[in-house]
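Residues per chain, in single letters:
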Amino acid sequence: MAAELCRLGARVVVSGRTKDTLDATVEAVDAELGPGRAFAVTADVRDPASVEAMAGRATELLGAVDGLVNNASGLFPVKAEELTPNGFDAVVRIVLNGTWHCTSEVARRWLAAGRGGAVVNLLTPYAWTGAPGIVHNASAKGGVLAMTRTLGAEWSGHGVRVNAVAPGWMPVGGTDFLAGDPAVRQRLIDAIPAGRLLKPEETARAVAYLLSDDASYVVGEVLTIDGGHHLSKGLYEFTDELPGRS
Ligand SMILES: CCCCC/C=C/C(=O)SCCNC(=O)CCNC(=O)[C@H](O)C(C)(C)COP(=O)(O)OP(=O)(O)OC[C@H]1O[C@@H](n2cnc3c(N)ncnc32)[C@H](O)[C@@H]1OP(=O)(O)O
Ligand SMILES: NC(=O)C1=CN([C@@H]2O[C@H](COP(=O)(O)OP(=O)(O)OC[C@H]3O[C@@H](n4cnc5c(N)ncnc54)[C@H](OP(=O)(O)O)[C@@H]3O)[C@@H](O)[C@H]2O)C=CC1
C-alpha cells in the first residue's frame, strides 16, 4: 500500500506497532524511489495518546498531512460460540476504536486549521454481507462502514471527505496463510466471478483515487474491488444443466 502510493507520487508516513516492519517498508521505498518519500512512526491505534503523538510526528515529517488511510486490522478465525469477551474486544479495539482514534485525531487537526483532507478506511464486502467464522472483525468493519457514511456526511461541508475501499481477498498480510495452501486458494478463487485473487497494488490504486482531488465530490462512499465476489456467480455455471434451457 505505502509503496504503491509513493510510486503514484505521494509522500507517506507508515505506522504500526512493529518498528522493524515499518523500517523494512521505508527501506524498500528508499531503494526503489530514493529517500524522503516514506517515513516510519510507531503507534498503537488502540491508544489515543499514541495516535496523537503519531499525528504530530507525521505533520513534522511531511509538513502537512493531506490524507489518512485506516489500514490496521486484526482477526483470527473462530466459531462465534467459542469467542471470549476478551477475544471480541481485542479485534474491535484495533479495527473500530482504532479507526475512530486515528480519524478523529487527524480530522480535528484539519478542522482546527480550517482546511480539508481525505480519509480512506479499509473495509471488506463482509462489512455488509456478514462473515461467519469472524464475527469480531465483521462486526467491527460494519461499524467502520457506518462511521464512514456518518462522518462523510458530517464533515463534507468542511472539506473533510471520508470514504472507504472494500477489497476482496489479497494473498498478503493477515490472509497470506490462505494462499499458502493451494487447495484453499483454489476454493477461494472458484467463488470469485473474476477468476483470480486481488493484487495489493490494485487496492492501493483505489485508495489513491479516493485520496485524490479526482474524488472531490465523493462522500461517504465505498469502492468495492472484489472481482464480483460478494455478488457471487449465481446460477451461471449451472445454466447448461438447468431444466428449461433449450
Ligand atoms: C473477502 C475478503 C476477506 C479478507 C478479510 C481480511 C481482513 C483482515 O482484517 S486481514 C488482517 C488480519 N491481520 C491480523 O490478523 C493481524 C495479526 N493478528 C493479531 O494480531 C491477533 O489475531 C489479534 C487480533 C488477536 C490481536 O492480538 P492481541 O491483542 O495481542 O490479542 P491476544 O493474543 O492478547 O488475545 C486477546 C484475546 O483473543 C483471544 N484469541 C487470540 N487469538 C485467538 C484465536 N486464534 N482463537 C481464539 N481466541 C483467540 C485470546 O485468547 C484472548 O482472549 P482471552 O483468552 O479470553 O483473554
Ligand atoms: N488481506 C486481505 O485479503 C484483505 C484485507 N482487508 C483489509 O485491508 C487492510 C490490510 O490488510 P492486511 O494487509 O491483510 O493486514 P495485515 O495484518 O498484513 O496488516 C495489518 C496491519 O495493522 C497493523 N496493526 C495491527 N494492530 C495494530 C495496532 N493496535 N496499532 C497499530 N497498527 C496495528 C499491523 O502492524 P503491527 O502488528 O506491527 O502493529 C499491520 O501492519 C485491513 O484493514 C484488512 O481488514 C480487506 C479485505 C481483504
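Remember, it's a predicted structure, so these values are computed and weren't measured experimentally.

Calculation notes
Residues numbered from 1 in each chain as written. Chains lettered and ligands numbered in written order. Predicted model: local features only at pLDDT ≥ 70, side-chain atom pairs only at ≥ 80, totals over all residues. Heavy atoms only, no water. Near = heavy atom within 4 Å. Polar contact = N/O pair within 3.5 Å; in protein donor to acceptor, adjacent residues only side chain to side chain. Nonpolar A, V, L, I, M, F, W, Y, C, P; charged D, E, K, R; others polar. Axes fitted to C-alpha atoms, helices over the stretch in contact; angles between N-to-C directions. Helix = DSSP H or I, 4+ residues; strand = E, 2+ residues; numbered from the N terminus. Parallel < 35°, antiparallel > 145°, perpendicular 65-115°, else oblique. Left-handed = near helix turned anticlockwise from the far one by under 90°. Contact = heavy atoms within 4.5 Å. Expected span 1.5 Å × (residues − 1). Buried < 20%, exposed > 50% of the residue type's maximum accessible area, 1.4 Å probe, protein only.

1. Let's talk about the site of ligand 2
At step 1: The environment of ligand 2 is formed by 23 residues, the closest being Arg17, Thr18, Asn71, Lys141 and Met170.
At step 2: Here a nitrogen atom of ligand 2 and a side-chain polar atom of aspartate 44 are 2.9 Å apart.
At step 3: Here serine 73 contributes a side-chain N or O atom positioned 3.3 Å from an oxygen atom of ligand 2.
At step 4: When its residues are assigned to classes, the shell around ligand 2 shows 10 nonpolar, nine polar and four charged.

2. Focus on the packing of helix H3 (residues 48-62) against helix H4 (residues 85-113)
At step 1: In the contact formed by H3 and H4, the axes pass within 9 Å of each other and the chain directions differ by 45 degrees. Between H3 and H4, the angle is such that the two are oblique. Note on packing geometry: the crossing formed by H3 with H4 is right-handed. Between H3 and H4, the residues in contact are Pro48, Val51, Glu52, Met54, Ala55, Gly56 and Thr59 and His101, Cys102, Glu105, Val106 and Arg109, respectively.
At step 2: Split into classes, the residues belonging to the contact of H3 with H4 amount to six nonpolar, three polar and three charged.

3. Re helix H9 (residues 200-211)
At step 1: Across its 12 residues, H9 extends 17 Å between first and last C-alpha, which sits within 8% of the 16 Å expected from 1.5 Å per residue.
At step 2: Along H9, the positions that sit buried rather than exposed are Thr203, Ala204, Ala206, Val207, Ala208 and Leu210.
At step 3: Contacts from the buried residues of H9 go to helix H1 (2-7), strand E3 (67-70), strand E4 (117-122), strand E5 (160-167) and strand E6 (222-225).

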